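A structural walkthrough
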Amino acid sequence: MAAVNLGVIVANIKMSNPLVKGSGVLDDTPLLLEKVFTEGDPGAVVTKSITVKPRKGYDPPILVPLPTGGYINAVGLANPGMEAIPNLVANARKLGKPVIVSIAGSSEEEFTKVAIIAEESGASGVELNLSCPHVKGMGLDIGMSPKLTFNVVSAVASVIRIPVIVKVGVADNILEVVGKALEAGADGITAINTIKAMYIDVYTFKPVLTAKFGGLSGPPIHPIAVRVVYTIYNEYDVDIMGCGGVYDWRTAIELALAGAKAIQIVSAIADKGISVFKEILNGIKEYMEFMGFKEWKEIVGLAHKR
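These lines cover the structure that appears in this document, whether it is placed above or below. Since this is a predicted model, take the numbers as computed values, not measurements.

**Section: the pattern of salt bridges**
Close approach of charged atoms allows side chains of opposite charge to pair. Under the defined criterion, the tally for this structure stands at six salt bridges. One salt bridge connects K97 with D41, and the closest N-O pair in it is separated by 2.3 Å. Remark: D41 occurs in the loop between α1 (30-40) and β4 (44-46) and K97 occurs in the loop between α2 (85-93) and β7 (99-103); sequence separation between them is 56 residues. Note that K180 and E183 form a salt bridge whose closest N and O atoms lie 3.5 Å from each other.

**Some details on helix α6 (residues 174-183)**
Of the residues making up α6, those classed as buried are I174, V177, V178, G179 and A181. At its buried positions, α6 is contacted by α4 (140-143), α5 (146-157), β9 (164-168), β10 (188-191) and α7 (222-235). Backbone geometry just downstream of α6 places G185 in the positive-phi region, at approximately 120 degrees.

**Overview of a nonpolar patch on the surface**
Residues M198, I200 and F213 make up a contiguous nonpolar surface patch of about 280 Å² in total accessible area. Relative to the helices and strands, I200 is located in the loop between β11 (195-198) and β12 (213-217). With a relative accessible area of 45%, I200 lands in the partly exposed category.

Reading the values: the criteria
Residues numbered from 1 in each chain as written. Predicted model: local features only at pLDDT ≥ 70, side-chain atom pairs only at ≥ 80, totals over all residues. Heavy atoms only, no water. Salt bridge = Lys/Arg side-chain N within 4 Å of Asp/Glu carboxyl O. Helix = DSSP H or I, 4+ residues; strand = E, 2+ residues; numbered from the N terminus. Buried < 20%, exposed > 50% of the residue type's maximum accessible area, 1.4 Å probe, protein only. Contact = heavy atoms within 4.5 Å. Patch = residues over 30% accessible without salt bridge, like charges linked within 9 Å, V, L, I, M, F, W, Y side chains within 5 Å. Areas by Shrake-Rupley, 256 points an atom, 1.4 Å probe, with all protein chains shown as cover.

By themselves these figures say nothing about function.
Here is the structure:
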């Protein structure tokens, strides 16, 4: 049987396969991103969210496995600041694959400053983090507002030429938010981020995280991610990167059927290591061959056509 074609173009970014290292979990360094590409072979990587100035983040514990499955985390957007972007991107691009810089900020000015540095450094695109659930004045505090979303996206889209992808969270007005992001010039959408949650130790009677609230990730949020991706795809003609609880080929295919052109993997890396990318890719290939699919694009959005 002829080999299946996993190549895909998402938000004008060409990828050899649809798997993407999502933002978070890994403490990005040039050496680690190189290891992800060489040992995992994803189609692209998204860096951790980067701000104008370095951020220390919250004190440990910041990432806790849950007895119910998945993780809860409150990293606090810890990152080295935008001065680290040139070296980070340069080293990753040596391997010839796309590098998307995730950006976080509390104002239009902060987002545009980091976006300009990302473009000048050779990034393939930027992903605006408008959905982090545990840092006040940033992330979801902006992304729940259609007006603020429009302002941030339009400000960034007006100063750079590389693709602008908006990472959205879970909100009742998600379609309005996405609509405003697209109206403002977004080239793609990533859905979803972690979901605001809490974990209390039954012996100490205290929240486990120092930040008290954190973001729930992993398998528990997968059905929610599928629902959000399906809803966005059903309403808008936009390239979507699905993210949330992808641990194997089946969960990756499910997001694709809902409408995701690319699939971001985050929490599974903590459990399975970098090899999870090849494991999922092999599973996808076997599934496509078994089902008679020749092109990845045949799967994307198929659940809307049945």
